[in-house]
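Chain and residue survey
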Amino acid sequence: YREADALRSLNLLAQKLNTPLRDQLQQALRDVARSSADEWPWLARRQSSQHATDCANTLLLLLASQELAQQAGANVQAMMLKKASEMRDDRNLRIGLSQMHLNPLKWLGMAFLGFLTLLSITAVHLENPRAAGVAIILFALSAAPTAAIMLIQGNPFQQPSFVSAQPILAALQP
């Protein structure tokens with residue numbers, strides 16, 4: 001949503017520019033939006049798109065141009081460069097989130113902790129096997145869904161907790 005907001009802001013600020021530069025900037029914004037949305041399948045595979053990087057660089061160079069400074073003024077150009085920089089930071093954050101993976105050591109630690117908990121439950125209820133069985137079953141029923149949820153939530157760009165690129169695509173639509 002922050003990337004989409006930056007795109008909308010840049011598009012709005014571009015409205016005040018003269019025609020050739022305005023069209024060039026709006027095309028660069030569309031290219032950034034499209035390449036960012038096209039990057040989603042890459043992010044699901046823990047990769048990033050060089051094309052998206054190239055589009056962002058092209059936009060930044062255009063915003064830093066002397067022609068834009070002359071037409072928009074120093075204050076508007078500074079605001080546009082700030083928005084583009086924020087958009088790059090947000091993309092880098094998105095790429096960083098896609099790089100998250102499950103650490104096997106954490107899962108081993110969690111399994112060991114679960115095993116120790118089961119042993120503790122058994123030790124506490126040694127004199128009453130039925131109570132021990134009920135306590136172990138209750139623990140297993142409560143721990144298994146939690147572990148499954150943690151396993152499923154590894155990468156926000158993969159199903160089932162999929163984050164959509166729709167706000168970025170919708171940012172530049174009339």
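Residues numbered from 1 in each chain as written. Predicted model: local features only at pLDDT ≥ 70, side-chain atom pairs only at ≥ 80, totals over all residues. Heavy atoms only, no water.

1. As for the overall build of the protein
Along its length, the protein carries 9 helices and 0 strands. For the protein, the N- to C-terminal ordering of α and β elements is α-α-α-α-α-α-α-α-α. Computed over C-alpha atoms, the radius of gyration of the protein comes to 25 Å, more than 25% over the 16 Å expected from 2.2 N^0.38 for 174 residues, which places it beyond the range of a compact globule. When the backbone C-alpha atoms are referred to their principal axes, the protein occupies close to 85 × 30 × 25 Å. The 174 residues of the protein split such that 32% are buried. Of the accessible surface of the protein, which amounts to about 10800 Å², a share of 64% is contributed by carbon and sulfur atoms. Considering the protein, the positive charge centre built from 15 side chains and the negative charge centre built from 12 side chains are found 3 Å apart. (Helix = DSSP H or I, 4+ residues; strand = E, 2+ residues; numbered from the N terminus. Rg over C-alpha atoms; globule rule 2.2 N^0.38 Å. Buried < 20%, exposed > 50% of the residue type's maximum accessible area, 1.4 Å probe, protein only. Areas by Shrake-Rupley, 256 points an atom, 1.4 Å probe, with all protein chains shown as cover. Lys, Arg positive; Asp, Glu negative; His and termini not counted. Charge placed at Lys NZ, Arg CZ, Asp CG, Glu CD.)

2. Side note on the pattern of salt bridges
With the rule as written, the count across this model stands at 8 salt bridges. Residues Asp 31 and Arg 34 are paired through a salt bridge, measuring 3.5 Å at the closest nitrogen-oxygen approach. Of this pair, Asp 31 and Arg 34 both sit in helix α2 (residues 19-38), separated by 3 residues, roughly a single helical turn. The exposure class of Arg 34 is partly exposed, given its relative accessible area of 43%. Where Glu 86 meets Lys 82, a salt bridge forms, and the shortest distance between an N and an O atom there is 2.9 Å. Taken as a pair, Glu 86 and Lys 82 lie in helix α6 (residues 74-98) at a separation of 4 residues, close to a single helical turn. We classify Lys 82 as exposed; its relative accessible area is 53%. Within this structure, Glu 3, Glu 39, Arg 91 and Arg 94 form a network of salt bridges that share partners. (Salt bridge = Lys/Arg side-chain N within 4 Å of Asp/Glu carboxyl O.)

3. Thoughts on the environment of Asp 23
Position of Asp 23 among the secondary structure elements: in helix α2. In the structure, Asp 23 is positioned 119 residues away from Ser 142 in sequence and 58 Å away in space, judged by C-alpha atoms.

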